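What the coordinates show
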Amino acid sequence: MNTIRKIILSAAMLACAPAVLAQNVKIAYIEPLSGGMANVGELGAKNLGFIIDEINAKGGVLGGRKFELVTFDNKLSPQESLVALKSAIDQNIQYITQGNGSSVAAALIDGVNKNNDRNPDKRVVFLNHSAVDPDFTNSKCSFWHFRFDANSDMKMAAITDAIKKDTKVKKVFLVNQDYSHGHQVTKAAKAMLKQKRPDVQIVGEDLHPLAKVKDFAPYVAKIKSAGADTVITGNWGADLTLLIKAAKDSGLDAQWYTYYAGGFGFAPAVGDAGVGKVKAVVEWHANVPNPKAEAFYASYKKKYPDAKDEFFYYRMKNMMELLAKAMEQAKSTDPLKVAQALEGMKYQADMGEVEMRKDDHQLIQPLFIGTMAKAGTPGVKHDLEGSGYGFSNDIQVPPKDTALPTTCKMKRPSK
């Protein structure tokens, strides 16, 4: 009888084994899916979902486990984001991702740190795809946080290197969103321009509420009145689109150095007024000549041909590929083991080698600066959102030139 029981028990365990092995690795996506920035959050979910489908189609991780995207609407609120984090932890989700809004990211870093200290059996890793406050990989660095976008200082370093060679720049106006990211952009622009182009005059600066301004005409009037020939802005989403659309409507004749002009909704709204004037610093755009990236982009557009479903978040591809590589290296999905594997990891990504710097968990990667142009002009094969406008590939910044020093004093969990 005991032998029969053992046989039955062994058979039951074998029957359960495939289900255990096939258990999905869930990724909690905490972003605005309602409100003024919902279009950004929704598109990011579609971009990330496609990347996850591509990885799953190639076999997933650890012998067949699949990634699964679970979305949470944070309404661009730090408080709502902490509610979403708790819900994700209650669902035993061990990996979260977010990027829209550094104020949100700051709350999540704090929430993840506290959870992981109090509940070592329910640890969570925060994969930051776009929140670029430099403090997150400096004074506020965390072992549980990994950033896959260049921080705002790194992007400003690339922009000011370009301005150093741009003799047309004489008078600069700074306009940014009134929260941590916007403050950092303003601060970095002042410091780096003073260092690299002391002859350039900063003729004005302005901060405005995040995702609340509907009419940017008063802000543009200040820029015109100051006589600026160049504007630097870290604005994103509707705040960038509406700002430059107001500049277009007012007839402002200035060039723009931006962080996010290649983002959703921008090219169709600005149109011809951006040609030759609007620049963006990015980790990828569709007109960077690269066969692997071209093939990926073509595959995405085949599945999502609608203009509203444009692809923007190539850094999410780096994020998921590095995560999968770390899990394979760790032979586990355990957050501690995966985080340890991610530290210092180098990976040959489509756009070149990237490195997750161990000192601060900041991804070091190439950056590109492009200028808005009409599709069909030399070097501009692809447009954005069916607008007829895309970005040229003017400057490539190698990884070593984007790697700024860090003040991070990483506190790692004991082994």
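Below: a short report on this structure. A quick note: this is a predicted structure, and the numbers were derived from the prediction, not measured.

Thresholds applied
- Residues numbered from 1 in each chain as written.
- Predicted model: local features only at pLDDT ≥ 70, side-chain atom pairs only at ≥ 80, totals over all residues.
- Heavy atoms only, no water.
- Salt bridge = Lys/Arg side-chain N within 4 Å of Asp/Glu carboxyl O.
- Buried < 20%, exposed > 50% of the residue type's maximum accessible area, 1.4 Å probe, protein only.
- Disulfide = S-S within 2.5 Å.
- Helix = DSSP H or I, 4+ residues; strand = E, 2+ residues; numbered from the N terminus.
- Contact = heavy atoms within 4.5 Å.

1. Topic: the pattern of salt bridges
Tallied over the entire structure, the rule returns 23 salt bridges. The closest approach of N and O atoms between Lys 400 and Asp 401, which form a salt bridge, is 3.2 Å. Residue Lys 400 is classed as exposed on the basis of its relative accessible area of 65%. Classification of Asp 401 as partly exposed rests on a relative accessible area of 38%. One salt-bridge network, held together by shared partners, links Asp 149, Lys 155, Glu 283 and Arg 315.

2. Remarks on the state of the cysteines
Enumeration according to the criterion identifies 1 disulfide in this entry. Sulfur-sulfur distance for the disulfide between Cys 141 and Cys 408 comes to 2.1 Å. Torsion about the S-S bond of the Cys 141 and Cys 408 cystine: about 80°, corresponding to right-handed handedness. Of this pair, Cys 141 sits in the loop between strand E4 (125-128) and strand E5 (145-147) while Cys 408 sits in the segment after helix H13 (399-402), and the two are 267 residues apart along the sequence. For Cys 141, a relative accessible area of 16% puts it in the buried group.

3. A short note on the environment of Pro 32
Checked against the element boundaries, Pro 32 lands in the loop between strand E1 (25-31) and helix H2 (38-57). Residues Pro 32 and Lys 140, spaced 108 residues apart in sequence, show a C-alpha to C-alpha distance of 24 Å. Pro 32 has contacts with Met 37, Ala 38, Gly 41, Glu 42, Asp 73, Asn 74, Lys 75, Leu 76 and Asn 100, leaving out every residue within four places of it along the chain.

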